[in-house]
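A structural walkthrough
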Amino acid sequence: MKRFCTSTIFVAALVSPVLADDDDELGAYLYKADCDSLSSAAIVHDLGDLDSEDDASREWQRLDMGDAPAPHRFWVEDESVKDLKSADFERAGYAVAIHAQDSKDADIIACGDLIGTVPFTADLAEVNNSGFAGRVAVEKHKKGVRFTTGAFQPMR
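Structural notes, computed from the coordinates. In this text the structure is predicted, and so the values were computed from the model without any measurement.

Check the secondary structure of the protein chain and you find two helices and eight strands. The linear arrangement of helices and strands in the protein chain, starting from the amino end, is α-β-β-α-β-β-β-β-β-β. Every one of the 156 residues in the protein chain was classed for burial, and the buried ones make up 41%. When the accessible surface of the protein chain is split by element, carbon and sulfur atoms take 50% of a total near 9400 Å².

Structure below.
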């Protein structure tokens, strides 16, 4: 009996932190496609895992949300991509999609097409009644482009 309890506690200790981390992470990906024609083959950059943040006021401001208060649950990530130029976004052809997990094969829960003169922000619309929307800020950063991607559950 003692061996069983010790083994169970050990396994639970190993598994629990992993499950807790995965539950809070969403994935964001940059596609060389528009939201209507996404496929995993069109992913050109992993924009990182969006983590649930208690205080993401700086990122919320970067997403140009005006005076709107930050939502209770907000997932966000900053990621710089060095091999992109701001001119790449002056014509259609890129999209950012948020996935339900930090995996390129996970369901897409929000998506937005990117077109504009950097710096700009783009809304990420809810996909398939996922309950999530988002926004991405695209700006010049050193020798590339920085993406601040945020996801939230909009008020209904």
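From this point, things continue past the structure.
Taken residue by residue, a regular strand's side chains alternate between the two faces of the sheet. Counted residue by residue, strand β7 (residues 133–141) has seven buried out of nine residues, so it is predominantly covered. When strand β6 (residues 120–126) meets β7, the two strands line up antiparallel, connected through five bridges. When the bridges of β7 are listed, Phe-120 appears paired with Val-138. Taking the residues that link successive antiparallel strands as the turn, the β6-β7 hairpin has six residues, and the phi of Asn-128 there is positive, at about 50°. Alignment of β7 against strand β8 (residues 144–152), held across nine bridges, turns out to be antiparallel.

One closed barrel holds the eight strands; their spatial order is β1-β2-β3-β8-β7-β6-β5-β4, and the pairing between them is antiparallel. On average, each strand axis in the sheet is inclined to that of its neighbour by 20°, with strand direction left out of account. For strand β1 (residues 25–31) and strand β2 (residues 43–52), the ladder comprises six bridges, and the chain directions are antiparallel. By the bridge assignment, Leu-30 is partnered in β2 with His-45.

Mapped onto the elements, Asp-123 comes out in strand β6. The exposure class assigned to Asp-123 is exposed, which follows from its relative accessible area of 55%. Measuring from C-alpha to C-alpha, the distance between Asp-123 and Ala-110 comes to 9.2 Å, with 13 residues separating the pair along the chain. In contact with Asp-123, not counting residues within four places along its chain, are Cys-111, Gly-112, Gly-134 and Arg-135.

Scanning all chains against the criterion turns up six aromatic pairs. Where Trp-60 meets Phe-74, the ring centres are 5.0 Å apart and the plane angle is 90°; that geometry is what we call edge-to-face. Linking Trp-60 in helix α2 (residues 57–62) with Phe-74 in strand β3 (residues 74–81), this pair joins segments that are 14 residues apart in sequence. Of the residues examined, Trp-60 reaches a relative accessible area of 8% and is grouped as buried. Of the residues examined, Phe-74 reaches a relative accessible area of 2% and is grouped as buried. Between Trp-60 and Phe-152, the aromatic rings sit 5.8 Å apart at their centres with planes inclined by 75°, giving edge-to-face as the arrangement. One end of the pair, Trp-60, is in helix α2; the other, Phe-152, is in strand β8, and 92 residues separate them in sequence.

In this structure, Lys-32 sits in the loop between β1 and β2. Every residue in contact with Lys-32, bar those within four places of it in the chain, is listed here: Ala-42, Val-44, Gly-93 and Tyr-94.

Attention now moves to the environment of Glu-139. Relative to the helices and strands, Glu-139 resides in strand β7. Look at Glu-139 and you get buried, because its relative accessible area is 18%. Taking C-alpha positions, Glu-139 is 9.3 Å from Ser-80, a pair spaced 59 residues apart along the chain. Apart from the residues lying within four places of it in its own chain, the contact partners of Glu-139 are Arg-62, Val-118, Pro-119, Gly-144, Val-145, Arg-146 and Thr-148.

Each value, and the rule that gives it
Residues numbered from 1 in each chain as written. Predicted model: local features only at pLDDT ≥ 70, side-chain atom pairs only at ≥ 80, totals over all residues. Heavy atoms only, no water. Helix = DSSP H or I, 4+ residues; strand = E, 2+ residues; numbered from the N terminus. Buried < 20%, exposed > 50% of the residue type's maximum accessible area, 1.4 Å probe, protein only. Areas by Shrake-Rupley, 256 points an atom, 1.4 Å probe, with all protein chains shown as cover. Pairing = 2+ DSSP bridges. Axes fitted to C-alpha atoms, helices over the stretch in contact; angles between N-to-C directions. Contact = heavy atoms within 4.5 Å. Phe/Tyr/Trp six-rings, centres within 6.5 Å; stacked < 30°, edge-to-face > 60°.

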